Amino acid sequence: MKRVDQLLDPLLTRICRSPELSPEQKRRNQEWAVKIRKQIDAARLAGAKK
């Protein structure tokens, strides 16, 4: 079974690089992708400590 980050990574990458988006939209999506990845990493680390 794949981990959540392995499933979401291609999607997060795609929404940040879509050619239809304006530079402002790409930047905003990139910021959200970073926040989501940090939350996933924090959850995985918290789960590993248990």
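Throughout what follows, the structure given in this document is the object of discussion. (Residues numbered from 1 in each chain as written. Predicted model: local features only at pLDDT ≥ 70, side-chain atom pairs only at ≥ 80, totals over all residues. Heavy atoms only, no water.)

Re the overall build of the protein chain
Put simply, the test is: Secondary structure elements are taken from DSSP: a helix is a run of H or I of four residues or more, a strand is a run of E of two residues or more, and numbering for both begins at the N terminus. Our radius of gyration is a C-alpha quantity, and the globule rule it is checked against amounts to 2.2 Å times the number of residues to the power 0.38. Burial here depends on accessible area, computed with a 1.4 Å probe over protein chains only, as a share of the maximum for the residue type. Under 20% is buried, over 50% is exposed, and the range in between is partly exposed. Computed by Shrake-Rupley with a 1.4 Å probe, the accessible areas treat only the displayed protein chains as cover when residues are assessed.
Scanning the protein chain from N- to C-terminus turns up two helices and zero strands. Computed over the C-alpha atoms, the radius of gyration of the protein chain is 13 Å, more than 25% above the 10 Å expected from 2.2 N^0.38 for a compact globule of 50 residues. The 50 residues of the protein chain split such that 12% are buried. Accessible area of the protein chain: about 4,400 Å², with a carbon and sulfur share of 59%.

Here we look at the side chain of Ser18
The condition that has to hold: Counting of polar contacts relies on pairs of N or O atoms within 3.5 Å, with two restrictions inside protein: one atom must be capable of donating a hydrogen and the other of accepting it, and residues adjacent in sequence are counted only when both atoms are side-chain atoms.
By the secondary structure assignment, Ser18 is in the loop between α1 (4-17) and α2 (23-49). Polar contacts involving the side chain of Ser18 include one to the side chain of Glu20, which spans 2.5 Å.

A word on α1
As a reminder of what qualifies: Under the convention used throughout, the expected extent of a helix is 1.5 Å for every residue step, that is, one less than its residue count.
Between its first and last C-alpha, α1 extends 20 Å over 14 residues, near the 20 Å set by a 1.5 Å rise per residue. Taken together, the buried positions of α1 are occupied by Asp5, Leu12 and Cys16.

Points about the environment of Leu8
This is how the line gets drawn: When checking whether two residues touch, look at their non-hydrogen atoms; a contact exists if any pair is within 4.5 Å.
For Leu8, the position within the fold is in helix α1. On the accessibility criterion, Leu8 (28% relative accessible area) is partly exposed. When the C-alpha positions of Leu8 and Ala42 are compared, they lie 15 Å apart, and in sequence the two are 34 residues distant. Excluding its chain neighbours within four sequence positions, the residues that come into contact with Leu8 are Ile36 and Ile40.

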